[in-house]
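# What the coordinates show
Now for the letters of each chain:
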Amino acid sequence: QVQLVESGGGLVQAGGSLRLSCAASGSIFSIGTMGWYRQAPGKQRELVATITDGGSANYADSVKGRFTISRVNFKNTVYLQMNSLKPEDTAVYYCNANVLRRGIPYSVAYWGQGTQVTVSL
């Protein structure tokens, strides 16, 4: 089994910052791409940012220049630094990881439970 545990969400005023963390644990051999997604009420889940195990990052246009994704491979942890937050960033943020488990010859995508981010005016 693999678990992804997120932390760092909360309530912040517009223009403020938050840092999300997501730690993977369990029977892990290696982790490929990790990422953050978000889902606002009444909307579909959307990609926020991803990062490969080599450190290449990809961002949604709506967060470029404001959010930074990073990871520490030996900790199996991914972070999302969110600056200049806007009310439209309000959503539940989900961590995602493509995990190669010990004894299983293919990667499986796992999701965290989600953490609420609320940005007020």
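Let me begin by describing the structure that accompanies this report. (Residues numbered from 1 in each chain as written. Predicted model: local features only at pLDDT ≥ 70, side-chain atom pairs only at ≥ 80, totals over all residues. Heavy atoms only, no water.)

## Quick look at the side chain of R66
As for its position among the elements, R66 is in the loop between strand 6 (57–59) and strand 7 (67–72). Dropping the residues within four chain positions of it, R66 is found in contact with Q81, M82, N83, S84, L85, K86 and D89. (Helix = DSSP H or I, 4+ residues; strand = E, 2+ residues; numbered from the N terminus. Contact = heavy atoms within 4.5 Å.)

## Overview of the packing of aromatic side chains
Taken as a whole, this structure holds 1 aromatic pair when the rule is applied. Ring plane angle 65 degrees and centroid distance 5.1 Å describe the contact between Y37 and W111, whose orientation is recorded as edge-to-face. Remark: W111 occurs in strand 10 (residues 107–111) and Y37 occurs in strand 4 (residues 28–39); sequence separation between them is 74 residues. Residue classification places W111 among the partly exposed residues on the basis of a relative accessible area of 40%. (Phe/Tyr/Trp six-rings, centres within 6.5 Å; stacked < 30°, edge-to-face > 60°. Buried < 20%, exposed > 50% of the residue type's maximum accessible area, 1.4 Å probe, protein only.)

## Some points on the pattern of salt bridges
This model, assessed by the stated rule, comprises 4 salt bridges. Two residues, R38 and E46, come together in a salt bridge whose shortest N-O distance is 2.7 Å. For E46, a relative accessible area of 37% corresponds to the partly exposed category. Here R38 and D89 are joined by a salt bridge, their closest N and O atoms 3.0 Å apart. Of the two residues, R38 sits in strand 4 while D89 sits in the loop between strand 8 (77–82) and strand 9 (91–101), which places them 51 residues apart along the sequence. For the pair R38 and D89, a shared accessibility class is recorded, and that class is buried. By sharing partners, the salt bridges in this structure join R38, E46, R66 and D89 into a single network. (Salt bridge = Lys/Arg side-chain N within 4 Å of Asp/Glu carboxyl O.)

## Examining unusual backbone geometry
A positive phi angle is found at N76, which is not glycine, with a value near 50 degrees. Mapped onto the secondary structure, N76 falls in the loop between strand 7 and strand 8. Even without glycine at this site, S84 takes up a positive phi of about 50 degrees. Topologically, S84 is positioned in the loop between strand 8 and strand 9.

## Brief notes about the sheet that holds strand 7
Taken together, 4 strands build an open sheet; the order of strands is 1-3-8-7 and the sheet is antiparallel. A single partner strand is all that each edge strand has here, and the edge strands are strand 1 (2–7) and strand 7. Taken pair by pair, the neighbouring strands of this sheet meet at an average axis angle of 15 degrees, ignoring direction. Pairing geometry for strand 1 and strand 3 (residues 18–26), over 6 bridges, is antiparallel. Across the sheet, V2 pairs through a bridge with G26, a residue of strand 3. (Pairing = 2+ DSSP bridges. Axes fitted to C-alpha atoms, helices over the stretch in contact; angles between N-to-C directions.)

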